[in-house]
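# Summary of structural features
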Amino acid sequence: AYLASFVPFLSDNLDDDEIQKMLHDAYKEFANVYAKPIAQMYSAKRISFVGSISVVFQNIIHEELARIGVENPLVLASPLQKIEIFMEKYFSDFQ
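As the structure is a computational prediction, the values presented were derived from the model and not from experiment. (Residues numbered from 1 in each chain as written. Predicted model: local features only at pLDDT ≥ 70, side-chain atom pairs only at ≥ 80, totals over all residues. Heavy atoms only, no water.)

### Thoughts on the layout of surface pockets
It is the rolling of a water-molecule-sized probe over the atoms that shows where space remains empty. Put simply, the rule reads: Lining residues are defined by having an atom within 4 Å of a point belonging to a cavity or pocket. Those points lie on a 1 Å grid over the protein atoms alone, cavities being sets where a 1.4 Å probe fits but cannot get out and pockets being open sets with protein on both sides within 12 Å along at least five of seven lines. Grid points are joined across faces, edges and corners, and a volume is the space filled by probe spheres set on the points. Secondary structure counts use DSSP, requiring at least four H or I residues in a row for a helix and at least two E residues in a row for a strand, with both numbered from the N terminus. Each residue gets one of three labels, nonpolar for Ala, Val, Leu, Ile, Met, Phe, Trp, Tyr, Cys and Pro, charged for Asp, Glu, Lys and Arg, and polar for the others, Gly among them.
Each pocket or cavity is described by its volume, and for the largest pocket that value is around 270 Å³. Contributing to the lining of the largest pocket are Leu 3, Ala 4, Phe 6, Val 7, Leu 10, Met 22, Leu 23, Ala 26, Tyr 27, Phe 30, Ile 53 and Phe 57. Elements that contribute at least two residues to the lining of the largest pocket include exactly α1 (7–12) and α2 (17–41). Among the elements that line the lining of the largest pocket, the one with the most residues is α2, at 5 residues. Across the lining of the largest pocket, the residue classes tally to 12 nonpolar, no polar and no charged.

Put into structure tokens, the structure is as follows:
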């Protein structure tokens, strides 16, 4: 919760070069340390992110994951969004 308290400030100042660099560096490290090995291990071409922080910084997430070959990551504010999509797709006949 403490780190999340900085998100409003960061999102309000995304046009600042230093903040852009800090966020890109952080997500680049995340991509290299966590996302890339997972994508390679499971031959994943798509990785999903859930939560408000990922929504706020989704453009940076997209850029850094594309750099390592993971295209079009799914970014959701809430896991309920995916459940709703699933339910609409597979259970639309049960209205």
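Still more to cover.
### Observations regarding the confidence of the model for the chain
We count it as follows: As a per-residue measure, pLDDT reflects the predictor's confidence and takes values from 0 up to 100.
Averaged over every residue, the pLDDT of the chain is 89; the share at 70 or more is 97%. Confidence, expressed as mean pLDDT per element, reaches its minimum in the chain at helix α5 (residues 79–90) with 79 and its maximum at α1 with 96.

### Structural notes on the packing of aromatic side chains
Our working rule: Stacked, tilted and edge-to-face are the three classes assigned to paired rings of Phe, Tyr and Trp, where Trp is represented by its six-membered ring and a pair needs centres within 6.5 Å; plane angles under 30 degrees give stacked, over 60 edge-to-face, the rest tilted. Exposure classes here rest on a 1.4 Å probe applied to the protein chains alone. A residue is buried below 20% of its type maximum, exposed above 50%, and partly exposed in between.
In the structure shown here, the tally under the stated rule is 4 aromatic pairs. Taken together, a centroid distance of 5.7 Å and an interplanar angle of 35° make the contact between Phe 30 and Tyr 34 tilted. Of this pair, Phe 30 and Tyr 34 both sit in helix α2, separated by 4 residues, roughly a single helical turn. Aromatic side chains Phe 30 and Phe 49 sit 5.8 Å apart centroid to centroid with 55° between the ring planes, which places their arrangement in the tilted category. With Phe 30 in helix α2 and Phe 49 in strand β1 (residues 48–50), the pair connects residues that are 19 residues apart, well separated along the chain. Residue classification places Phe 49 among the buried residues on the basis of a relative accessible area of 11%.

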